[in-house]
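# Structure at a glance
Now for the letters of each chain:
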Amino acid sequence: MTDRALLDLAVAAAVENVAAGGGPFGALVVRDGEVVATGVNRVTATLDPTAHAEVVAIRAACRALGTFKLDGCVLVSSCEPCPLCLAAALWARVDRVVYAADRHDAAEAGFDDRAFYDLFAKPREEWEVPVVQAEAGDRVAPFTAWASRPDRVEY
């Protein structure tokens, strides 16, 4: 399938989700031209602020393929992924991300992801929500424990 055809599917899923009372976002994970999984925005339905369409699709694709690595896959989204979704796509190791509407289109509809992009461009000292490192007993103990496990699964 072409990017255009896949984007049309993602947009249609988003429109259907709006009709069902959900948010205006849809996403697909595709491998070898075949749709592996779909996702729609489920934030309000599940009371989960991370249930964005892309994250829902990535989770479903990982379950369907029995892996947490989606190399060889493409994430197709009805809208430019927000920083959360983009990070999820990078962690999933997708080969490519393609989207239809952009962050400016989303902002006009009341979904202003631009604010997060702007925030990440600022030094943390200027953020409204403090994100700070604090003292802990042995802050690297979890990493030491991880490194000592010969059966660890790298990701």
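Criteria and cut-off values
- Residues numbered from 1 in each chain as written.
- Predicted model: local features only at pLDDT ≥ 70, side-chain atom pairs only at ≥ 80, totals over all residues.
- Heavy atoms only, no water.
- UniProt positions renumbered as here; feature names shortened; annotations may be inferred.
- Helix = DSSP H or I, 4+ residues; strand = E, 2+ residues; numbered from the N terminus.
- Buried < 20%, exposed > 50% of the residue type's maximum accessible area, 1.4 Å probe, protein only.
- Polar contact = N/O pair within 3.5 Å; in protein donor to acceptor, adjacent residues only side chain to side chain.
- Contact = heavy atoms within 4.5 Å.
- 1 Å grid on protein atoms, 1.4 Å probe; cavity = no way out; pocket = protein on both sides within 12 Å on 5 of 7 lines; lining within 4 Å.
- Points joined across faces, edges and corners; volume = space filled by probe spheres on them.
- Nonpolar A, V, L, I, M, F, W, Y, C, P; charged D, E, K, R; others polar.
- Expected span 1.5 Å × (residues − 1).
- Salt bridge = Lys/Arg side-chain N within 4 Å of Asp/Glu carboxyl O.
- Patch = residues over 30% accessible without salt bridge, like charges linked within 9 Å, V, L, I, M, F, W, Y side chains within 5 Å.
- Areas by Shrake-Rupley, 256 points an atom, 1.4 Å probe, with all protein chains shown as cover.

- An unreviewed UniProt entry annotates the protein as tRNA(Arg) A34 adenosine deaminase TadA of Catenuloplanes atrovinosus.
- UniProt's Sequence similarities (unreviewed entry) comment on the protein is quoted here verbatim: "Belongs to the cytidine and deoxycytidylate deaminase family."

### Some thoughts on the side chain of Asn41
- One can find Asn41 in the loop between strand 2 (34–40) and helix 2 (43–46).
- The exposure class of Asn41 is buried, given its relative accessible area of 12%.
- One polar contact links the side chain of Asn41 to the main-chain amide nitrogen of Val43, over a distance of 3.3 Å.
- If sequence neighbours within four positions are ignored, Asn41 has contacts with Asn17, Gly23, Phe25, Ala51, His52 and Ala53.

### Notes on the layout of surface pockets
- Counted as a void, the largest pocket has a volume near 370 Å³.
- The wall of the largest pocket is formed by 18 residues, among which His52, Cys82, Phe111, Asp113 and Phe116 lie closest to the centre.
- Listed by contribution, the elements that provide at least two residues to the lining of the largest pocket are helix 2, helix 3 (53–65), helix 4 (83–92) and helix 6 (114–120).
- Looking at the lining of the largest pocket, its residues break down into eleven nonpolar, four polar and three charged.

### So, helix 1 (residues 3–19)
- The terminal C-alpha atoms of helix 1 lie 24 Å apart, and with 17 residues this matches the ideal 24 Å at 1.5 Å per residue to within 8%.
- Directly after helix 1, the chain includes Gly21, whose backbone phi takes a positive value near 100°.

### Here we look at the environment of Gly26
- With respect to the helices and strands, Gly26 occurs in strand 1 (residues 26–31).
- Each C-alpha atom of the pair Gly26 and Glu126 lies 33 Å from the other, and the pair is 100 residues apart in sequence.

### Side note on the pattern of salt bridges
- According to the stated counting rule, one finds seven salt bridges in the structure shown.
- For Asp8, the salt bridge identified is with Arg4, shortest N-O distance 3.4 Å. With Asp8 and Arg4 both in helix 1 and four residues apart, the pair spans about one turn of that helix.

### Some remarks on a nonpolar patch on the surface
- Taken together, Phe68, Trp91, Trp146, Val153 and Tyr155 make up a surface patch of nonpolar side chains, about 600 Å² in accessible area.
- With respect to the helices and strands, the residue Val153 is situated in the segment after helix 7 (141–147).

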